[in-house]
Amino acid sequence: MASLIRTELFGTLPVDRFDDDPVVMLPGRSTADLPPDIVTGLSELAADFEDLADDRWLQTEYAFRKRRFSLFSADTVAHRIEQLEHRAFYQEAEVNPYAGGFERKFEPLAERTTENPFLHQLMWDVLAVLPQSRVSAARHWEIGVHLIRIVALPDKPGYPAPEGMHHDGHAFTSISLINRVDVSGGRSLFADLDSVVYRKLELETPIDTVVFEDPRCLHDVTPVTVAAGAAVATRDVCGFSLNPLPAR
């Protein structure tokens, strides 16, 4: 029988989940099965998406993306999460030809968000999902937390990944759906290193999460458009960029 781990948000999972595929899909558990403080935290985090600023680094005449960004350190031995000093988000131009090569300054997460119990549980559960050998090799992990809302209007689609098929430049990445309203599209695509798409995933209900080992695959997300009969569509996700930190 395969060894298993238990997570609060995703239930029980096999420990060898990354052996054959760098992409792991994690359907979120029903909120009816979660502790009350976690359910309240999810509701409060969903409300925080109403307070995001326009992404100033887009190359379109309209702002289809809103976001905030902060950095945290997770001590996997002491089981402690600490917020790090705020700094700009940077990716190499080779990794992100659309917006890489310069520092992108985003507003940090609101203080209420940094202390949200659902957000902290999501960090721990995503770390638990990573290969145990990788997590145990580094006591401290840097976690970049990205709150991102994609907005679409009938004549103005939203682009979750305007750079197209790409790497993120991190050891691991996770994307968790928090909410989607009147959305058509927004499907996650994953390709091998030869750019051949081999998985298409839908994040459809809150807490649905995909975790992937970034150097082993490429990924993209199809444009968000407005569902028939609706005036606006919004897709809210909480993304993590996860990197081991050197020993202190």
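Residues numbered from 1 in each chain as written. Predicted model: local features only at pLDDT ≥ 70, side-chain atom pairs only at ≥ 80, totals over all residues. Heavy atoms only, no water.

Of regular secondary structure, the chain possesses four helices and 15 strands. Counting over 248 residues, the chain shows a buried share of 50%. Contacts in the chain between residues at least 24 apart in sequence constitute 75% of all its contacts with a sequence separation of at least 6. Split by element, the accessible area of the chain, about 11500 Å² in all, is 50% carbon and sulfur. (Helix = DSSP H or I, 4+ residues; strand = E, 2+ residues; numbered from the N terminus. Buried < 20%, exposed > 50% of the residue type's maximum accessible area, 1.4 Å probe, protein only. Contact = heavy atoms within 4.5 Å. Areas by Shrake-Rupley, 256 points an atom, 1.4 Å probe, with all protein chains shown as cover.)

Another aspect to go through is the nonpolar core. Judged by nonpolar contacts, the single largest core of 39 residues is most densely connected at F118, V145 and F240. Going through the elements one at a time, β3 (23-26), α1 (36-48), β5 (65-75), α3 (117-129), β7 (140-152), β8 (172-181) and β15 (233-244) are the ones with two or more residues in this core. Residue contributions to this core peak at eight residues, all from α3. Discounting chain neighbours no more than four positions away, the residues touching F118 are L9, I38, G41, L42, L45, I178 and I207. Membership of the second largest hydrophobic core comes to 18 residues, among which are I148, A152, L177 and V226. (Core = buried A, V, L, I, M, F, W, Y, C linked by side-chain atoms within 4.5 Å.)

Function cannot be read off these values alone, since they describe shape.
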